[in-house]
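Each chain, written out:
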Amino acid sequence: MRKQILLLIPFVVMFSFSNCENEDLDPQEQTNNVNNKQNSSDEPKKEDQQNTNNKETDNGTNPKNTNNEKNVSGNINGYSYVDLGLKSGLMWATVNIGSTKAEYLGSYFSWGETKPKERYSTLDAKWMISTGSNAYYSPTYSKYVYSDGLKTLLIEDDAASVNWGSPWRIPTSKEQKELVEACDWIWVENYNGTGVNGAYGTSKNNANTIFFPAAGRRYDSACNFVGDIGQYWSASVYSTQDAYYLTIGKYDVNANTVNNTLPRHMGMTIRAVSDNIN
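Summarised in this report is the structure supplied together with it. All values reported here derive from a predicted model rather than from experimental measurement.

Right, let's talk about empty space enclosed by the protein for a bit. One number sums up the size of the largest cavity: a volume of about 50 Å³. What lines the largest cavity is a set of 10 residues, and nearest its centre among them are Asn 71, Thr 94, Thr 209, Ile 210 and Phe 211. The element best represented in the lining of the largest cavity is strand β7 (residues 209–213), accounting for 3 residues. By residue class, the composition of the lining of the largest cavity is 6 nonpolar, 3 polar and 1 charged. Of the pockets and cavities examined, the second largest cavity occupies roughly 40 Å³. Residue lining of the second largest cavity: Tyr 144, Val 145, Tyr 146, Leu 150, Lys 151, Val 237, Tyr 238, Ser 239 and Thr 240, and that is the complete set. Of the residues in the lining of the second largest cavity, the class split is 6 nonpolar, 2 polar and 1 charged.

Among the nonpolar cores identified, the biggest contains 32 residues, and Trp 164, Trp 168 and Trp 233 are the most heavily contacted of them. Elements that contribute at least two residues to this core include exactly β2 (79–83), β3 (91–93), α3 (159–164), β10 (229–237) and β11 (242–249). When sequence neighbours within four positions are dropped, the list of residues in contact with Trp 168 reads Ile 76, Asn 77, Tyr 79, Ser 80, Tyr 81, Met 91, Ala 93, Ala 160, Ser 161, Ala 272, Val 273 and Ser 274.

This part is about helix α4 (residues 173–182). α4 sits mainly inside the fold: 7 of its 10 residues count as buried. Residues Ser 173, Glu 175, Gln 176, Glu 178, Leu 179, Val 180 and Ala 182 constitute the buried set of α4.

Along the polypeptide, Tyr 104 turns up in the loop between β3 and α2 (133–137). Overall, Tyr 104 belongs to the buried group, its relative accessible area being 10%. Put simply, Tyr 104 and Phe 212 are 108 residues apart on the chain and 9.3 Å apart in space, counted from C-alpha to C-alpha.

Attention now moves to the sheet that holds β7. Pairing within the open sheet is antiparallel, and its 3 strands lie in the order β5-β6-β7. The outermost strands of the open sheet, each flanked by one partner alone, are β5 (183–188) and β7. Pairwise comparison of adjacent strand axes, ignoring direction, gives a mean angle of 20 degrees for this sheet. Note that strand β6 (residues 198–203) and β7 share 5 bridges and pair antiparallel. In the strand pairing of β7, Gly 198 is matched with Pro 213. Each of β5, β6 and β7 touches α4; the most contacted strand, β5, lies at about 85 degrees to it.

Our next topic: the pairing of β7. For β7, the tally of buried residues reaches 5 of 5 residues, placing the bulk of the element in the interior. Burial along β7 is two-sided: Thr 209, Phe 211 and Pro 213 and Ile 210 and Phe 212, pointing in opposite directions, are all buried. Count of turn residues in the β6/β7 antiparallel hairpin: 5 residues, of which Ala 207 carries a positive phi of about 70 degrees.

To continue, consider the pattern of salt bridges. Within this structure, the stated rule accounts for 7 salt bridges. When the shortest N-O distance is used, the salt bridge between Glu 175 and Arg 169 registers 2.8 Å. The residue Lys 250 makes a salt bridge to Asp 228 at a minimum N-O spacing of 3.0 Å. Remark: Asp 228 occurs in the loop between β9 (222–224) and β10 and Lys 250 occurs in the loop between β11 and β12 (260–263); sequence separation between them is 22 residues. The burial state of Lys 250 is the same as that of Asp 228; both residues are buried.

Let us now look at the sheet that holds β12. If you trace the 3 strands from one edge of the open sheet to the other, you get β10-β11-β12, paired in antiparallel fashion. Bordering the open sheet on either side are β10 and β12, each of which pairs with just one other strand. Taking the axes of each pair of neighbouring strands and ignoring which way they run, one obtains an average angle of 45 degrees across the sheet. Sheet topology places β11 next to β12; 4 bridges connect them, and they run antiparallel. Opposite Tyr 244, over in β12, you have Thr 261 as the bridge partner.

The next thing to look at is the side chain of Asn 163. Mapped onto the fold, Asn 163 is located in helix α3. Given a relative accessible area of 6%, Asn 163 falls into the buried group. In terms of polar contacts, Asn 163 uses its side chain to reach the backbone carbonyl oxygen of Thr 114, at 3.0 Å. At 2.7 Å, the side chain of Asn 163 and the backbone oxygen of Ala 159 are in polar contact.

What counts as what
Residues numbered from 1 in each chain as written. Predicted model: local features only at pLDDT ≥ 70, side-chain atom pairs only at ≥ 80, totals over all residues. Heavy atoms only, no water. 1 Å grid on protein atoms, 1.4 Å probe; cavity = no way out; pocket = protein on both sides within 12 Å on 5 of 7 lines; lining within 4 Å. Points joined across faces, edges and corners; volume = space filled by probe spheres on them. Helix = DSSP H or I, 4+ residues; strand = E, 2+ residues; numbered from the N terminus. Nonpolar A, V, L, I, M, F, W, Y, C, P; charged D, E, K, R; others polar. Core = buried A, V, L, I, M, F, W, Y, C linked by side-chain atoms within 4.5 Å. Buried < 20%, exposed > 50% of the residue type's maximum accessible area, 1.4 Å probe, protein only. Contact = heavy atoms within 4.5 Å. Pairing = 2+ DSSP bridges. Axes fitted to C-alpha atoms, helices over the stretch in contact; angles between N-to-C directions. Salt bridge = Lys/Arg side-chain N within 4 Å of Asp/Glu carboxyl O. Polar contact = N/O pair within 3.5 Å; in protein donor to acceptor, adjacent residues only side chain to side chain.

These figures capture arrangement, not role.
The following block contains the structure:
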């Protein structure tokens, strides 16, 4: 088992396309169904797999029994959060949007969209105005572009706010970075005996904990990298085509952090935050 410092995040939307985000599945069954769909020939090779020759064996850092986890501090609108003692005062949700348990993968969203869908391609992307071959290879959008000056998702385009209700929202890339730096992280395989891999963080401030499952991502109709990485959208736009996201992964921690960018049409999971616990 390799130790790493990583991470990088509404009435629950429950859709089941390719069994990627159905929270009613047993976690291991869910992961197996997704893994069977990870060999899409259309997936862009933008993210290289890291060298795994020096993977460590389990040295006791993998939590075998987390019944005493300090990972729930309260709830907002019926969704639980954990107080990690962050300087910003942000409260982080304990589960992904579209799930009810920390180990469930949850739903996948294109950036700026508020519902899961069957296909995650430029041809189905919201605000996409390109036509012909440009629509597929070099999409142009009508919102969150240089001309409108929008740098962060508005509430009506925020999947956390729309599905869980205010004050839940998607964190910015800066807020994801704060979370990463505020916790000590280890990579966990078979979290709590569920068969799910992911990143397990313990706050440096108050020892409260949080878990992010490695839900991979969706491209077109395929699911990719489940069990190896998790990719979580931020609310921050990067360019007229891309947005920032957080990656958790079991390989090279230096390659799996914040300030990564990918095209908006990709399907990623979301971990919400709240500024207000009242």
